[in-house]
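The chain contents come next:
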Amino acid sequence: MSAPTAVARGRAPARYVAIIADGNRRWARGRGLTIDDGHQAGADTLKARLADAAQLGIEELTVYSFSTENWSRAREEVDGLVSMLAERIASETPELHEEGVRMSFVGRRGGLHEQLVEEMEWAESLTRANTRMRLFIAFNYGGRAEIVDAARRFEGSTEEEFRRLLYVPEMHDPELLIRTGGERRLSNYLLWQSAYAELVFRDELWPDFGRVALEESLRDFSERQRRFGGRSIETPDVLS
């Protein structure tokens with residue numbers, strides 16, 4: 001397998017990547033399929049891109065799977081999504097564990113079905129010692145909700161003290177945030193953590209987001225200068 005383009009160009013690749021996996025429903029409608037079919041195809045894409053991400057040197061991948069606003073969708077779709085997540089956790093966690101992936105779920109757990117919460121906790125416990133890669137799945141997540149929940153408990157005075165109250169404080173701020181599906185917004189995703197993330201918007205619907213699209217997104221990141229609100233900062237060269 002050839003090295004990823006970002007590394008070949010002598011630039012440091014993104015280590016911490018977040019994705020808004022948008023477009024499952026539109027993908028299904030365009031093919032005359034059910035919404036559940038679209039979400040299953042999206043889950044298959046996530047599994048494939050996770051394997052690619054590990055090969056391409058990504059250390060943390062955070063994926064937006066279900067927002068706090070998604071509860072307003074049709075009950076049938078919501079029930080299908082929740083059921084699919086529980087089934088995928090049960091069937092795919094052992095394989096991810098063997099591959100050294102550590103799983104964490106980000107979001108509010110209050111009000112979720114007890115069985116789903118148990119599946120989440122089981123997956124997190126089983127994979128806790130893994131170090132090859134970290135997968136964060138944002139479920140029942142909203143950026144504003146996360147900030148509000150942290151603010152309710154905040155008694156300090158610094159950003160670092162506030163950060164410790166976020167859902168998963170050890171999560172690194174994403175260096176690169178990718179959104180598929182042609183939309184150009186954050187949709188209440190990782191509002192605190194993405195303050196200095198580089199944004200890449202792709203037109204592919206999520207089930208069509210292949211390895212080449214991921215590599216192109218990483219190359220786009222590698223060619224940018226990151227300023228962090230101040231002077232120009234060159235992306236450091238990869239050490240030989």
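**Student:** Would you mind going over the overall build of the protein chain with me for this structure?
**Tutor:** Regarding its fold elements, the protein chain presents eight helices and six strands. A buried classification covers 48% of the 240 residues belonging to the protein chain. Taking as baseline every contact in the protein chain between residues at least 6 positions apart, the subset at least 24 positions apart corresponds to 73%.

**Student:** It is not clear to me how the pairing of strand 4 (residues 133-141) should be interpreted in this structure. Could you clarify?
**Tutor:** Burial within strand 4 is extensive, with nine of its nine residues counted as buried. When strand 2 (residues 60-67) meets strand 4, the two strands line up parallel, connected through seven bridges. Paired with Val63 across the two strands is Ile137, which belongs to strand 4. Sheet topology places strand 3 (residues 101-106) next to strand 4; six bridges connect them, and they run parallel. Across the sheet, residue Val106 finds its bridge partner in strand 4, namely Ala138.

**Student:** Is there a simple way to explain the nonpolar core in this structure?
**Tutor:** Side chains of nonpolar character tend, in soluble globular proteins, to be buried together. Grouped together as the largest cluster of nonpolar side chains are 42 residues, with contacts concentrated most on Val17 and Leu61. Here the element with the most residues in this core is helix 4 (residues 75-98); it accounts for eight residues. Leave out the neighbours within four places in its chain, and Leu61 touches Val17, Ile19, Leu50, Ala53, Met133, Arg134, Leu135 and Phe136. By size, the runner-up hydrophobic cluster in this structure holds 13 residues, among which are Ala18, Leu177, Tyr189 and Leu190.

**Student:** Is there a simple way to think about the packing of aromatic side chains in this case?
**Tutor:** If you walk through the whole model with that rule in mind, you get nine aromatic pairs. Between the aromatic rings of Tyr64 and Tyr141, the centroid separation amounts to 6.0 Å while the plane-to-plane angle is 80°, which identifies the pairing as edge-to-face. One end of the pair, Tyr64, is in strand 2; the other, Tyr141, is in strand 4, and 77 residues separate them in sequence. Of the two residues examined, Tyr64 and Tyr141, each falls in the buried class.

**Student:** Looking at this structure, how should I read the side chain of Thr62?
**Tutor:** Note that Thr62 resides in strand 2. Taking the relative accessible area as the measure of exposure, Thr62 reaches 4% and is therefore buried.

**Student:** I would appreciate a short explanation of unusual backbone geometry in the present structure.
**Tutor:** Apart from glycine, the bulk of residues carry a negative phi angle, and the bulk of peptide bonds sit in the trans form. Phi is positive for Asn140, close to 50°, though the residue is something other than glycine. Looking at the element boundaries, Asn140 is found in strand 4. For Asn140, a relative accessible area of 7% puts it in the buried group. Even without a glycine there, the phi angle at Asn188 is positive, about 65°.

**Student:** Just to check I follow, could you spell out the sheet that holds strand 2 for this structure?
**Tutor:** One key point about sheets: their strands pair by backbone hydrogen bonds, in either a parallel or an antiparallel sense. A sheet is described by the order of its strands in space; here six strands give the open sequence 3-4-2-1-5-6, paired in parallel fashion. At either end of the open sheet lies a strand with only one pairing partner, and these are strand 3 and strand 6 (198-201). If you compare each strand with its neighbour and ignore which way they point, the axes differ by 20° on average. Sheet strands touched by helix 3 (residues 35-55): strand 2 and strand 4. Its angle to strand 4, the strand with the most contacts, is close to 145°.

**Student:** Explanation requested: the pattern of salt bridges in the structure shown.
**Tutor:** Side-chain pairs of opposite charge can arise whenever the charged atoms involved come near each other. This model, assessed by the stated rule, comprises 25 salt bridges. Asp22 is paired through a salt bridge with Arg26; the nearest N and O atoms lie 3.1 Å apart. Owing to a relative accessible area of 31%, Arg26 belongs among the partly exposed residues under this scheme. Residue Asp203 is joined to Arg184 by a salt bridge in which the shortest nitrogen-to-oxygen separation is 3.4 Å. One end of the pair, Asp203, is in the loop between strand 6 and helix 8 (211-222); the other, Arg184, is in the loop between strand 5 (176-179) and strand 6, and 19 residues separate them in sequence. Take Asp203: its relative accessible area is 58%, and that puts it in the exposed class.

Calculation rules
- Residues numbered from 1 in each chain as written.
- Predicted model: local features only at pLDDT ≥ 70, side-chain atom pairs only at ≥ 80, totals over all residues.
- Heavy atoms only, no water.
- Helix = DSSP H or I, 4+ residues; strand = E, 2+ residues; numbered from the N terminus.
- Buried < 20%, exposed > 50% of the residue type's maximum accessible area, 1.4 Å probe, protein only.
- Contact = heavy atoms within 4.5 Å.
- Pairing = 2+ DSSP bridges.
- Core = buried A, V, L, I, M, F, W, Y, C linked by side-chain atoms within 4.5 Å.
- Phe/Tyr/Trp six-rings, centres within 6.5 Å; stacked < 30°, edge-to-face > 60°.
- Axes fitted to C-alpha atoms, helices over the stretch in contact; angles between N-to-C directions.
- Salt bridge = Lys/Arg side-chain N within 4 Å of Asp/Glu carboxyl O.

Interpretation note: all reported values are geometric properties and have no functional meaning in isolation.
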